[in-house]
Amino acid sequence: MIATRYLPFVGRLMIGLPFAMSGLGKLAAYGATTAMISAVGLPIPPLAFAVAVAVELGGGVLLMAGCQARYVAIALAVFSLATAVSFHSNFADQNQMIHFLKNVMMAGGLLQIAAFGAGALSLDNRRSDGELGSSRAVSA
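The rules we used
Position labels on residues start from 1 in each chain and follow its written sequence. Reporting of local features is limited, given that this is a predicted model, to residues whose pLDDT is at least 70; pairs of side-chain atoms are given and counted only at 80 or more, and all residues count toward the totals for whole chains, interfaces and linings. Values shown for side chains rest on all heavy atoms present in the structure; no hydrogens or waters enter the calculation. Every helix listed is a DSSP run of H or I at least four residues long, and every strand listed is a run of E at least two residues long, numbered separately from the N terminus. The buried label goes to any residue with under 20% of its type's maximum accessible area, the exposed label to any with over 50%, and the partly exposed label to all in between, with areas taken from a 1.4 Å probe on protein chains only. Along the chain, pLDDT gives the predictor's confidence residue by residue, from 0 to 100. Residue contacts follow a heavy-atom distance rule, with two residues in contact if any of their heavy atoms lie within 4.5 Å. Salt bridge criterion: a side-chain nitrogen from Lys or Arg within 4 Å of a carboxyl oxygen from Asp or Glu. Note that patches include only residues with greater than 30% relative accessible area and no salt bridge, and the join distances are 9 Å for like charges and 5 Å for nonpolar side chains (Val, Leu, Ile, Met, Phe, Trp, Tyr). A 1.4 Å probe and the Shrake-Rupley method give the accessible areas. Residues count as covered only by the protein chains that appear here.

1. Points about the overall build of the chain
Scanning the chain from terminus to terminus reveals six helices and zero strands. Overall, the chain shows an N-to-C arrangement of helices and strands of α-α-α-α-α-α. When its C-alpha atoms are laid out on the principal axes, the chain stretches across 55 × 30 × 20 Å. For the chain, buried positions account for 31% of its 140 residues.

Quick look at the structure:
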């Protein structure tokens, strides 16, 4: 069915855009972000800030474009789980539990991308088309 051709692209947009927006938001709020990182006890808050911005902004953009999508999805899934454990593990607070579960759900969606690839409308697929000529190959 032709509609399923577009579903992986829409899914990558729906997962990648919030990551990219979060990374941009962190760029605009260096002080608040590093203070939050310090508050949870993570070492070297400026370095953690730089890593978070690079992973969220860079990973979000790469995921939306479908560039190295499997590797990016794994990195974002690990980041999501680490964020859940580090920042949202106070289950006495209902809001934090919801954020924890949201991060776990995002990791699940990202692992689906890691397992099945970026789909037809992606830079990954264009790269493989160029290598394979005009034929389309399905990788296992």
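2. A word on the confidence of the model for the chain
Summarising the model, the chain shows a mean pLDDT of 91, and 90% of its residues fall at 70 or more. Helix α3 (residues 45-65) holds the highest mean pLDDT among the elements of the chain, 98, whereas helix α6 (residues 123-132) holds the lowest, 72. Counting interchain partners and residues more than four positions distant, the pLDDT-below-50 stretch residues 132-140 has six contacts.

3. Digging into the pattern of salt bridges
A full pass over the atoms with the stated rule returns one salt bridge. Residues E56 and K26 are paired through a salt bridge, measuring 3.0 Å at the closest nitrogen-oxygen approach. Placement of the pair is E56 in helix α3 and K26 in helix α1 (residues 3-27), with a sequence separation of 30 residues. Assessed through its relative accessible area of 18%, K26 is described here as buried.

4. Comments concerning a nonpolar patch on the surface
Among the surface-exposed residues, I2, Y6, V10 and M14 lie close enough to one another that they form a single nonpolar patch of about 430 Å² accessible area. Note on placement: I2 falls in the segment before α1.

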